[in-house]
Amino acid sequence: MIDSQAVFIYSSKFSEYEYPPSCPLSTKRALRTYEILSSMGLLYGDDRRIESPVEAERKELERFHTTAYLDVLEKASNGIFDEAFLYMGLGTPDNPLFPGMYNYAALASGASILGAELILSRKASVVFNPSGGYHHARSQRAAGFCFINDVVLACLKLADAGQRVAFIDVDAHHGDGVQEAFYHRNDVMTISLHESGHTLYPGTGFEHEMGTGEGMGYSLNLPLPVGTYDEIYYQAFRQTVLPLLGWYAPDVLVVELGMDGLSADPLAHLNLTNNVYADILKLLLELKKPILATGGGGYNPENTARGWALCWSVLCNDTYEQDLNIGMGGVMLESTEWFGGLRDRALLTHGGQRKKIDDAVSLSIKTIHDNLFSLHGITP
């Protein structure tokens, strides 16, 4: 029997490490999420608990990353540099060096691996690691603020145990590192809804990227135009992700909850509110599958933390989370105050702009139906 408890994975150790001030990613977003949830009494109860992770061991990290890369990363973390790190994406504005970077990445990975273990041991049905979601990292190269790919490691842990895994990435940036890791496999399906690579890093994630070999048809990519808003995003999710999941019948869902799709995010160009993330999670919960959720992008730390707090409340099936929305705060006002409710206020999109966005998204949906769905005989 599966323990129905939800587990929030957190440790104060995460806050001991920080990217340089010039980097827009803040490791303290998880702390802020913890503070919001703690102050609202949403972290403890008969149906939920907190667990603390430990750093993933080297043998666990080497399940995906090369020994040579991890050696260089660990040395760089301790201030020991050689020319090798230049060829591994280290020391760039996107992947800056800072003290303890290896330990931080290993701890974030340990947290996601712990989440997978809790699900496999049936000690939890829902797990959330807000300090995870480093989906750009490759086996021997850092990329996009990501040094160790905790998502790949968690998916491997689940797949090695015989689970059919569906990875669903709603970060504004394409989950290229995870897709690449499983592009040739059919036991881990990768699904990514993201801002189009024509306007945002990493420049990948188009509809024709569907996998290769045994993995053909097991990667879904839905690139979104600038300004994509809640209603069309939700519609696209229902028309593409849900039918594919129904066909694939996964045993477990791994969800990356990047919050850089929120309208006030400084790095992306979507026009979403945290309401659509909450509503999508509700759809996934209806599938009655275990869920391992991670953090991800989100470069307005306060809005990101509030969005993650809302997602945790939804994952816990809090029936009163709608009541927490009094209508104040949110990305419309770019408020940093959460006391007015966890949900954002609705955002308006001009009619002419909506038509342009709707047409682009509809074309992408049709392309997915004509190619990926037809490959599997799925009726839209």
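Residues numbered from 1 in each chain as written. Predicted model: local features only at pLDDT ≥ 70, side-chain atom pairs only at ≥ 80, totals over all residues. Heavy atoms only, no water.

Caption draft 1: Examining the overall build of the chain more closely. When helices and strands are tallied, the chain shows 10 helices and 8 strands. Taken against the 2.2 N^0.38 rule, which gives 21 Å for 380 residues, the C-alpha radius of gyration of the chain at 19 Å falls within 12% of a compact globule. Taken over the C-alpha atoms alone, the chain extends approximately 55 × 50 × 45 Å along its principal axes. Counting all 380 residues of the chain, 60% fall into the buried class. Excluding contacts between residues fewer than 6 apart, the proportion of contacts in the chain whose partners are at least 24 apart in sequence is 77%. Of the roughly 14,500 Å² of accessible surface on the chain, a fraction of 52% belongs to carbon and sulfur atoms. When the 28 basic and 46 acidic side-chain charges of the chain are each reduced to a single mean position, those positions are 4 Å apart. (Helix = DSSP H or I, 4+ residues; strand = E, 2+ residues; numbered from the N terminus. Rg over C-alpha atoms; globule rule 2.2 N^0.38 Å. Buried < 20%, exposed > 50% of the residue type's maximum accessible area, 1.4 Å probe, protein only. Contact = heavy atoms within 4.5 Å. Areas by Shrake-Rupley, 256 points an atom, 1.4 Å probe, with all protein chains shown as cover. Lys, Arg positive; Asp, Glu negative; His and termini not counted. Charge placed at Lys NZ, Arg CZ, Asp CG, Glu CD.)

Caption draft 2: Structural context of the pattern of salt bridges. The final tally for this structure, using the stated rule, is 19 salt bridges. The residue Lys157 makes a salt bridge to Glu117 at a minimum N-O spacing of 3.6 Å. Of this pair, Lys157 sits in helix α5 (residues 150-160) while Glu117 is found in helix α4 (residues 101-120), placing the two residues 40 residues apart along the sequence. On the basis of relative accessible area, Glu117 is assigned to the partly exposed category, the value being 34%. In this structure, Asp187 engages Arg185 in a salt bridge whose closest nitrogen and oxygen atoms are separated by 2.8 Å. Look at the salt bridges and you will find they share partners, linking Arg58, Glu62, Asp71 and Glu74 into a network. (Salt bridge = Lys/Arg side-chain N within 4 Å of Asp/Glu carboxyl O.)

Caption draft 3: A look at the nonpolar core. Among the nonpolar cores identified, the biggest contains 67 residues, and Ile191, Leu257 and Leu284 are the most heavily contacted of them. Setting aside its immediate chain neighbours within four residues, Leu284 contacts Ile168, Phe237, Leu245, Leu253, Val255 and Ile291. In terms of nonpolar packing, the next biggest core, distinct from the first, is built from 58 residues, Ala56, Met88, Phe98 and Phe147 among them. (Core = buried A, V, L, I, M, F, W, Y, C linked by side-chain atoms within 4.5 Å.)

Caption draft 4: The state of the cysteines, seen in detail. This model, assessed by the stated rule, comprises 0 disulfides. Not engaged in a disulfide, the cysteine Cys155 finds its nearest cysteine sulfur in Cys146; these two sulfurs lie 14 Å apart. Of the residues examined, Cys155 reaches a relative accessible area of 0% and is grouped as buried. No disulfide involves Cys316; its sulfur sits 11 Å from the nearest other cysteine sulfur, which is in Cys311. (Disulfide = S-S within 2.5 Å.)

Caption draft 5: Structural detail: the packing of aromatic side chains. Per the counting criterion, the structure on display carries 18 aromatic pairs. Plain terms: the ring middles of Phe8 and Tyr10 are 6.5 Å apart, the flat faces sit at 40° to each other, and that makes the pair tilted. Tyr10 gets classed as buried once you look at its relative accessible area, which sits at 8%. For the pair Phe8 and Phe128, a centre-to-centre distance of 6.0 Å together with 75° between the ring planes defines the contact as edge-to-face. Residue Phe8 is located in strand β1 (residues 6-9), and its partner Phe128 is located in strand β3 (residues 126-129); the two are separated by 120 residues in the primary sequence. Neither Phe8 nor Phe128 differs from the other in exposure class; each is buried. Among the aromatic residues, those joined into a cluster by ring pairs are Phe14, Tyr17, Tyr19, Phe98, Tyr104, Tyr134 and Phe147. (Phe/Tyr/Trp six-rings, centres within 6.5 Å; stacked < 30°, edge-to-face > 60°.)

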